[in-house]
Amino acid sequence: MDILARRLTIITLLMAIFAIMLAAAVETDYRRSTHNTTGKFVACATPDMCRASL
């Protein structure tokens, strides 16, 4: 029974490390894909739907 508990502990720790690495990769991809519009004027076809971003 001790061997089984040890194996499950190792598997759980490996899964936790994988989950943390996956979350970091998703966050990095999200930050890379967002466009920073701070300090830029954005052209818009319909002025009612646009707000100027400074």
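Further up the page is the structure itself.
Within any chain, residue numbers begin from 1 and follow the written order of that chain's sequence. Residues qualify for local features only when their pLDDT is at least 70, as the model is predicted, and side-chain atom pairs are given and counted only at 80 or more; totals for whole chains, interfaces and linings, by contrast, use all residues. The basis for every side-chain value is the complete set of heavy atoms in the structure, and neither hydrogens nor water enter the calculation.

Enquirer: I would appreciate a short explanation of the overall build of the protein in the present structure.
Expert: Within the protein, the regular secondary structure consists of 1 helix and 0 strands. Taken over 54 residues, the protein has a buried fraction of 0%. In these tables, accessible area is a Shrake-Rupley quantity obtained with a 1.4 Å probe, and a residue counts as shielded only by the protein chains included in the view. Accessible surface, the protein: about 5,600 Å² in total, of which carbon and sulfur atoms supply 67%. Working definition: helices are DSSP H or I runs of at least four residues, strands are E runs of at least two. Numbering for both runs from the N terminus. To sort residues, take the accessible area from a 1.4 Å probe on protein chains only and compare it with the maximum for the residue type: under 20% means buried, over 50% means exposed, and anything in between is partly exposed.

Enquirer: How should a nonpolar patch on the surface be read in this particular structure?
Expert: Each patch is built from residues lacking any salt bridge and having more than 30% relative accessible area; the joining distance is 9 Å for like charges and 5 Å for nonpolar side chains (Val, Leu, Ile, Met, Phe, Trp, Tyr). For this analysis, a salt bridge means a side-chain nitrogen from Lys or Arg found within 4 Å of a carboxyl oxygen belonging to Asp or Glu. Among the surface-exposed residues, Met1, Leu4, Leu8, Ile11 and Met15 lie close enough to one another that they form a single nonpolar patch of about 590 Å² accessible area. You can see Met1 is positioned in the segment before helix H1 (2-33).

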